[in-house]
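Structure at a glance
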Amino acid sequence: GLKNGVTYTQQYIMLLHFLSRLPFVHWIGIDLPATTLNQEATALLQHRASHKMDMTRVPTPFWDSGLAGSGQIISISDTGLDHDSCYFHDNAVDTPLNTVNYAHRKVISYRSLQYGTEVTDLWESENGHGTHVAGSAVGEINPEIPESNTTTFLKRFQGMAPKAKLMFDDIHSRGRIGLSLPPNLETDLLAFSYRAGARIHSASWGSSSNEYTRMSMQMDSFVSNNPDMLIVVASGNDGPSLYSIGTPATAKNVLSVGSSRNLRSSF
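Residues numbered from 1 in each chain as written. Predicted model: local features only at pLDDT ≥ 70, side-chain atom pairs only at ≥ 80, totals over all residues. Heavy atoms only, no water.

**A few points about the overall build of the protein**
- For the protein, the helix and strand inventory stands at seven helices and seven strands.
- When its helices and strands are written in sequence order, the protein yields β-β-α-α-α-β-β-α-α-β-α-β-α-β.
- Burial statistics for the protein: of 267 residues in total, 39% are counted as buried.
- By element, 56% of the accessible surface of the protein is carried by carbon and sulfur atoms, the whole surface being about 16,000 Å². (Helix = DSSP H or I, 4+ residues; strand = E, 2+ residues; numbered from the N terminus. Buried < 20%, exposed > 50% of the residue type's maximum accessible area, 1.4 Å probe, protein only. Areas by Shrake-Rupley, 256 points an atom, 1.4 Å probe, with all protein chains shown as cover.)

Structure, rendered in structure tokens:
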């Protein structure tokens, strides 16, 4: 339509141009609706499902066979954990801080490895990557929540091993670039959870360098000395070109699987 000889589109552009020049305006953008991502990963990993399939009807043969992680402890090092999430919260037991409590239904240990930084928000990091990783691995709906259509819906997004317990090492570095890794991954990161019973460690982090580095060496050394430990390391976000596997996935004694991607490069 026209108003005073100017189309509404032209008026809109003029308004945006005016607003963008105001000194107190720092950002102008479209308010797009947000949706959950990676929500169907569990079904996809258990069945050769297509994105065109109804994910509520995809078979889960692993769970149906009783393979849900019962009796296992998985340790994860990442940016932080939303312990109040319905996938991790325990109504009766507080999340144990810098110690171990096997009575917690899910998180038996939460350690902060904030080397050289001040811990201002221990439980949750700013970007949610750690919660994303932990949920994909062991997330399970709190059984104290009454059954409803909501819980039925949320159960679709449980982790691959919903009956396993979690030890979480917070390595998020607040206020500086990169993660806050300890100088010795063997003694300062992996040994604690191993002594507490974890035999799987997930490290969804690394460098874009494809060299064999100190991190690679320390992981190799730990597994060599503790052969019943499995360390799973992200291969990186730089594929699919050659030489795109980053350290510490370059270690020889870890498991790193590629050929999986989504549209979120930071995840």
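**Re the nonpolar core**
- Counting 19 residues, the largest nonpolar core has Trp205, Met219, Ile231 and Val233 as the members making the most contacts within it.
- Secondary-structure elements contributing two or more residues to this core are helix H6 (185-195), helix H7 (214-225) and strand E7 (230-233). (Core = buried A, V, L, I, M, F, W, Y, C linked by side-chain atoms within 4.5 Å.)

**Let's talk about the sheet that holds strand E3 (residues 73-78)**
- Strand order in the open sheet made by the five strands is E4-E5-E3-E6-E7, with parallel pairing throughout. Of all strands in the sheet, those bounded by a partner on one side alone are strand E4 (107-112) and E7. On average, each strand axis in the sheet is inclined to that of its neighbour by 15 degrees, with strand direction left out of account.
- As paired elements, strand E6 (residues 200-203) and E7 share four bridges and run parallel to each other. Looking at E7, one finds that Ser202 is bridged to Val232.
- Those strands touched by helix H4 (residues 129-138) are E3, strand E5 (165-170) and E6, and its axis lies near 160 degrees from that of E3. (Pairing = 2+ DSSP bridges. Axes fitted to C-alpha atoms, helices over the stretch in contact; angles between N-to-C directions. Contact = heavy atoms within 4.5 Å.)

**Some details on the pattern of salt bridges**
- Taken as a whole, this structure holds six salt bridges when the rule is applied.
- Arg111 is paired through a salt bridge with Asp169; the nearest N and O atoms lie 2.8 Å apart. Here the residue Arg111 occupies a position in strand E4, and Asp169 occupies one in strand E5, the gap between them amounting to 58 residues.
- Here Lys155 and Glu147 are joined by a salt bridge, their closest N and O atoms 2.7 Å apart.
- Within the structure, one salt-bridge network assembled from shared partners comprises Arg105, Lys106, Glu140 and Lys163. (Salt bridge = Lys/Arg side-chain N within 4 Å of Asp/Glu carboxyl O.)

**What about the environment of Leu166?**
- Tracing the backbone shows Leu166 in strand E5.
- Exposure remark for Leu166: the relative accessible area of 0% places this residue in the buried category.
- The sequence separation of Leu166 and Ala134 amounts to 32 residues, and the corresponding C-alpha distance is 8.0 Å.
- Leave out the neighbours within four places in its chain, and Leu166 touches Ile74, Ile76, Leu81, Phe88, Lys106, Val107, Ile108, Ser109, Ala134 and Val138.

**Overview of the pairing of E7**
- Every second residue of E7 is oriented toward a common face, the buried set being Ile231 and Val233 and the non-buried set Leu230 and Val232.
- Traced from E6 through H7 to E7, the parallel crossover comes out right-handed. (Right-handed = clockwise from strand over helix to strand, strands pointing away.)

**Description of the side chain of Glu186**
- For Glu186, the position within the fold is in helix H6.
- The buried charged residue Glu186 lacks any salt bridge partner; its closest oppositely charged side chain belongs to Arg214, at an N-O distance of 9.1 Å.
- A polar contact is formed between the side chain of Glu186 and the backbone nitrogen of Phe222, at a distance of 3.5 Å.
- Those residues in contact with Glu186 that sit more than four places away from it in its chain are Ala191, Gln218, Ser221, Phe222 and Asn225. (Lys, Arg positive; Asp, Glu negative; His and termini not counted. Polar contact = N/O pair within 3.5 Å; in protein donor to acceptor, adjacent residues only side chain to side chain.)

**Things to note about the packing of aromatic side chains**
- Tallied over the full model, the rule gives three aromatic pairs.
- Geometrically, the ring pair formed by Tyr110 and Phe168 is stacked, given 5.5 Å between the ring centres and 20 degrees between the ring planes. Here Tyr110 is found in strand E4, whereas its partner Phe168 is found in strand E5, with 58 residues between them in sequence.
- Phe168 gets classed as buried once you look at its relative accessible area, which sits at 1%.
- Measuring from ring centre to ring centre gives 5.7 Å for Tyr194 and Phe222, while their planes differ by 85 degrees; the resulting arrangement is edge-to-face. Of this pair, Tyr194 sits in helix H6 while Phe222 sits in helix H7, and the two are 28 residues apart along the sequence. (Phe/Tyr/Trp six-rings, centres within 6.5 Å; stacked < 30°, edge-to-face > 60°.)

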